[in-house]
Amino acid sequence: GAVVSQHPSRVICKSGTSVKIECRSLDFQATTMFWYRQFPKKSLMLMATSNEGSKATYEQGVEKDKFLINHASLTLSTLTVTSAHPEDSSFYICSAMAWGGGNTGELFFGEGSRLTVL
Amino acid sequence: GENVEQHPSTLSVQEGDSAVIKCTYSDSASNYFPWYKQELGKRPQLIIDIRSNVGEKKDQRIAVTLNKTAKHFSLHITETQPEDSAVYFCAASLNNDMRFGAGTRLTVKP
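Worth saying up front: this structure is predicted, and the values here are computed from it rather than measured.

So, on to the overall build of chain B. Helices and strands together make up the secondary structure of chain B, namely 0 helices and 11 strands. In sequence order, the secondary structure elements of chain B are arranged as β-β-β-β-β-β-β-β-β-β-β. A globule of 110 residues ought to have a C-alpha radius of gyration of about 13 Å, and chain B, at 13 Å, matches this closely. Viewed in the frame of its principal axes, chain B has a C-alpha envelope of about 40 × 25 × 20 Å. Relative to its full complement of 110 residues, chain B shows a buried share of 44%. Put simply, of all contacts in chain B between residues at least 6 apart along the chain, 52% involve residues at least 24 apart. Entry remark: accessible area of chain B is about 5400 Å², with carbon and sulfur atoms responsible for 46%. Computing the positive centroid from 13 side-chain charges and the negative centroid from 13, chain B places the two 3 Å apart.

Okay, here's the thing in structure tokens:
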């Protein structure tokens, strides 16, 4: 199947700093990528839909100025957590849709990034 | 928007028994229903999916059924093994909009 790589897998930062997480589709082009936040023992909460060459679409309740998303190329989307605080500590996962025909593509996930804000 | 509900939240079975996880969705236009398995600390992995033009799909010990009229779909795992222990998520999707269920933590006891 298609491969999505996410980096870094773990990051620890001080409160007030910004952290960038990268999501790459390695063997296919992804016009659309998705960013999720996952709390312990909870489901995947969609944060935003990242569209190549245009602004991301954020879900209700997600602060766009807090979670900056850039999708500058067909293989790379980045999530920057700005001025991180301890409550931003979480597991962040990206995914990309690979189209194999039909109106809905299959979703492939990155490895996830565990952010710990001290 | 789409709303996906998943039950049960936890499921414990004896090795060799079957496990069934059920999901309902709200948007009748949704046309793609994947199931993901997520082991602790790892990424979700697609294990099986079904599209709205099919009622049932099977892949070895795993099967998925879809009832479009009732807007529900189910995952069936037969002859469960300890390595089936994980969290399973259902999802419903239309075009680029995919929504996930809350997850089911399956434990298979040896």
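That shown, we press on.
This next bit is on the sheet that holds strand E1 (residues 4-7) of chain B. All names here are of chain B. With antiparallel pairing, 5 strands are arranged side by side in an open sheet as E1-E3-E8-E7-E6. This sheet does not close on itself; its edge strands, each paired only once, are E1 and strand E6 (56-59). For this sheet, the mean angle separating the axes of adjacent strands, direction not counted, is 15 degrees. For E1 and strand E3 (residues 19-25), the ladder comprises 4 bridges, and the chain directions are antiparallel. Within E3, the residue paired with Glu 5 across the bridge is Thr 24.

Here we take up the packing of aromatic side chains. What the rule picks out here adds up to 11 aromatic pairs over all chains. When the ring of Phe 67 of chain A is compared with that of Tyr 92 of chain A, the centres are 6.2 Å apart and the planes differ by 45 degrees; the resulting orientation is tilted. Here Phe 67 of chain A is found in strand E7 (residues 67-73), whereas its partner Tyr 92 of chain A is found in strand E9 (residues 90-98), with 25 residues between them in sequence. Across the pair, exposure class does not vary: Phe 67 of chain A and Tyr 92 of chain A are buried alike. Considering the side-chain rings of Trp 35 of chain B and Phe 73 of chain B, the 5.6 Å spacing of their centres and the 65 degrees angle between planes classify their relative orientation as edge-to-face. Taken together, the residues span a long stretch of sequence, with Trp 35 of chain B in strand E4 (residues 32-38) and Phe 73 of chain B in strand E8 (residues 72-77) at a distance of 38 residues. Among the residues examined, Trp 35 of chain B registers a relative accessible area of 0% and is labelled buried. Owing to a relative accessible area of 0%, Phe 73 of chain B belongs among the buried residues under this scheme. Within the aromatic cluster, the residues linked to one another by ring pairs are Tyr 36 and Phe 109 of chain A together with Tyr 36 and Phe 100 of chain B.

Residues and elements named next belong to chain B. Counted according to the given criterion, the structure contains 2 disulfides over all chains. A sulfur-sulfur distance of 1.9 Å marks the disulfide that ties Cys 23 to Cys 90. Linking Cys 23 and Cys 90, the disulfide has an S-S dihedral of approximately -100 degrees and is accordingly described as left-handed. Of this pair, Cys 23 sits in strand E3 while Cys 90 sits in strand E9 (residues 86-94); the two residues are 67 residues apart in sequence, bridging distant segments of the chain. With relative accessibility at 1%, the residue Cys 23 sits in the buried group.

This structure, assessed with the given rule, holds 9 salt bridges over all chains. Among the salt bridges present, the one from Glu 59 of chain A reaches Arg 99 of chain B, with a minimum N-O distance of 2.9 Å. Of this pair, Glu 59 of chain A sits in the loop between strand E6 (57-58) and E7 while Arg 99 of chain B is found in strand E10 (residues 97-100), placing the two residues in two different chains. In this structure Arg 99 of chain B comes out as partly exposed when scored by relative accessible area, which is 22%. The partner of Arg 43 of chain B in a salt bridge is Glu 111 of chain A, and the shortest N-O contact between them spans 3.6 Å. On the criterion of chain membership, the pair formed by Arg 43 of chain B in the loop between E4 and strand E5 (45-51) and Glu 111 of chain A in the loop between strand E10 (106-109) and strand E11 (113-117) is interchain, its members lying in two chains. Here Arg 43 of chain B falls in the partly exposed class, since its relative accessible area comes to 22%. Looking at Glu 111 of chain A, the relative accessible area reads 29%, which means it is partly exposed.

About the cut-offs
Residues numbered from 1 in each chain as written. Chains lettered and ligands numbered in written order. Predicted model: local features only at pLDDT ≥ 70, side-chain atom pairs only at ≥ 80, totals over all residues. Heavy atoms only, no water. Helix = DSSP H or I, 4+ residues; strand = E, 2+ residues; numbered from the N terminus. Rg over C-alpha atoms; globule rule 2.2 N^0.38 Å. Buried < 20%, exposed > 50% of the residue type's maximum accessible area, 1.4 Å probe, protein only. Contact = heavy atoms within 4.5 Å. Areas by Shrake-Rupley, 256 points an atom, 1.4 Å probe, with all protein chains shown as cover. Lys, Arg positive; Asp, Glu negative; His and termini not counted. Charge placed at Lys NZ, Arg CZ, Asp CG, Glu CD. Pairing = 2+ DSSP bridges. Axes fitted to C-alpha atoms, helices over the stretch in contact; angles between N-to-C directions. Phe/Tyr/Trp six-rings, centres within 6.5 Å; stacked < 30°, edge-to-face > 60°. Disulfide = S-S within 2.5 Å. Salt bridge = Lys/Arg side-chain N within 4 Å of Asp/Glu carboxyl O.

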